[in-house]
Amino acid sequence: MIFPRSFTAHGAGVKSISVCNTDPSFILTAGYDRLVRIWDLNTRRCLAQFAGHRSIVPRAVINSSDEYVVSCSFDGTVRVWHSHSGECLHVLTGHEDSVMDVAMSTYNERLVASCSMDKTCRLWDRETGVCLRVLKGHKKWVKTVSLTHDGKYLLSCSLDKHVIVWDIQRDPPPPEKEEKSQTGSRLLQVNVGGANERSKRRSLIESEREGRDVADAGGSSVLRSSRREGGEDGGAEGVSERGGGASEKKDAQKSEMKEKPKKGGVRDRVRDEKGGGGEDGHTQGSAAGFDFVAHDDFILCSQVSSKNVLATSSRDRCVRLWDPKDGHLFTTIDDHPSCASTLSFSKDGKVLAAGSFDNFILLYNAETGALHRQLRVFNEGVVCVCLHSDINALLIGANDGSVQVIPL
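In this report, the structure presented in the accompanying data block is examined. (Residues numbered from 1 in each chain as written. Predicted model: local features only at pLDDT ≥ 70, side-chain atom pairs only at ≥ 80, totals over all residues. Heavy atoms only, no water.)

### Some points on the overall build of the chain
Each helix and strand in the chain was counted, giving two helices and 30 strands. Taking all contacts inside the chain whose residues are at least 6 apart in sequence as the whole, residues at least 24 apart take part in 53%. On the chain, roughly 16300 Å² of surface is accessible, and the fraction owed to carbon and sulfur atoms is 46%. (Helix = DSSP H or I, 4+ residues; strand = E, 2+ residues; numbered from the N terminus. Contact = heavy atoms within 4.5 Å. Areas by Shrake-Rupley, 256 points an atom, 1.4 Å probe, with all protein chains shown as cover.)

This is the structure in structure tokens:
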């Protein structure tokens, strides 16, 4: 029996965990409480806090030098932060609905990708805050976005069951004036719409069990940075964790998946480089290479390994490993007890962790798909996992706001 170390990282569920690069004892977390934080795993102290988002923060990433943090939120924005000063450098606006995921290129760290419930992906220049390209092709919300480590492709996964492979090495068009970001730490004024709009946002998918999370852009927040040790909840002195967070999380745990999609097989669907798509309207735009149907149900999560292998999970209870260059299916893993809602590769790309809200976490050989180890943890539900190769541990973000550290 394993007794993991744990600490409270957020006032509500932990949505994402990333390992910092210059010091492996530091991690970056984001949560339902609208906050992004940097933690020291050795002392369990909150070293920095970034506040400014007006709704749930599903993802935060950090660059290789640990100097810049990029976060996205259901408030419809992407924010660029300076990790040392806590200053918000840019508020990237342009998405017309909640932003579901964000990724930063390891090949060109000025390049940031985001995806949204507005069915689009966007490429941004992190340094200038300018939108370089809007990628349209999906028919439903885009759940996840990834950038290959060779800098060639953007991979977007959607509730329409498709993966679209975008060729981002083509010369991007000149940015449009209206796509420029807000700069500085001034708060964005968010229009949450009327009853219909709020109802739509409350149908947001996040299927840890069968579909959770909502984009409710209510409440208010102010940019703050702290390097003081927090209290029991790890928060910085003078920062309120409430501000509608509890009701927001409660709404976030309502299932969106009322519409059961039709069954469909896995098949490659090559598209013209200049777009056009087929009868279903997929893959339009000058950057599109091709798309393929990845699963028989909604895609819930995706990850790209250091070897440029794409892993996808779905509500069809399968995890699949792909070659993103041509959509070739390496293997299908179908022995998970329930649908995996979170995935994480080890640094060398040899191990894949798949976690689900029923508290099962399975470790697989990422080359063969063979089951290596099965764990079951005890918390209020696994929301995210992160394989920390430097300390040979598994980090778990739980629905109760805690981070658990399990030695492997």
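### A word on the side chain of T331
The residue T331 is located in strand β23 (residues 328–333) in this model. Judged by relative accessible area, which is 16%, T331 ranks as buried. For T331, the contacting residues outside a window of four places in its chain are V319, R320, L321, T368 and G369. (Buried < 20%, exposed > 50% of the residue type's maximum accessible area, 1.4 Å probe, protein only.)

### Considering the environment of L343
The residue L343 is located in strand β24 (residues 342–345) in this model. Assessed through its relative accessible area of 3%, L343 is described here as buried. When neighbours within four sequence positions are excluded, L343 is seen to be in contact with C301, S302, Q303, A311, T312, S313, V319, L352, A353, A354 and V385.

### Some words on the nonpolar core
Counting residues in hydrophobic clusters, the biggest one holds 23 residues, and the most contacted among them are L154 and I168. Mapped onto this core, the elements with two or more residues apiece are β10 (99–104), β11 (111–116), β12 (120–125), β14 (142–147) and β16 (162–167). In this structure, L154 is in contact with A113, C121, L123, L135, V145, S146, L147, I164, V165, W166 and I168, ignoring residues within four places of it in sequence. (Core = buried A, V, L, I, M, F, W, Y, C linked by side-chain atoms within 4.5 Å.)

### Observations regarding the sheet that holds strand β3 (residues 26–31)
Taking strand neighbours across the sheet as the criterion, the four strands line up as β2-β3-β4-β5 in an open arrangement whose pairing is antiparallel. Taken across any chain shown, the strands that pair with only one partner, and hence form the sheet edges, are β2 (14–19) and β5 (45–51). Strand-to-strand twist across the sheet, computed as the mean angle between neighbouring axes with direction ignored, equals 20°. Examined bridge by bridge, β3 and strand β4 (residues 35–40) share five bridges and lie antiparallel to one another. Across the sheet, residue A30 finds its bridge partner in β4, namely V36. (Pairing = 2+ DSSP bridges. Axes fitted to C-alpha atoms, helices over the stretch in contact; angles between N-to-C directions.)

As far as function goes, none of this settles anything; it's purely spatial.
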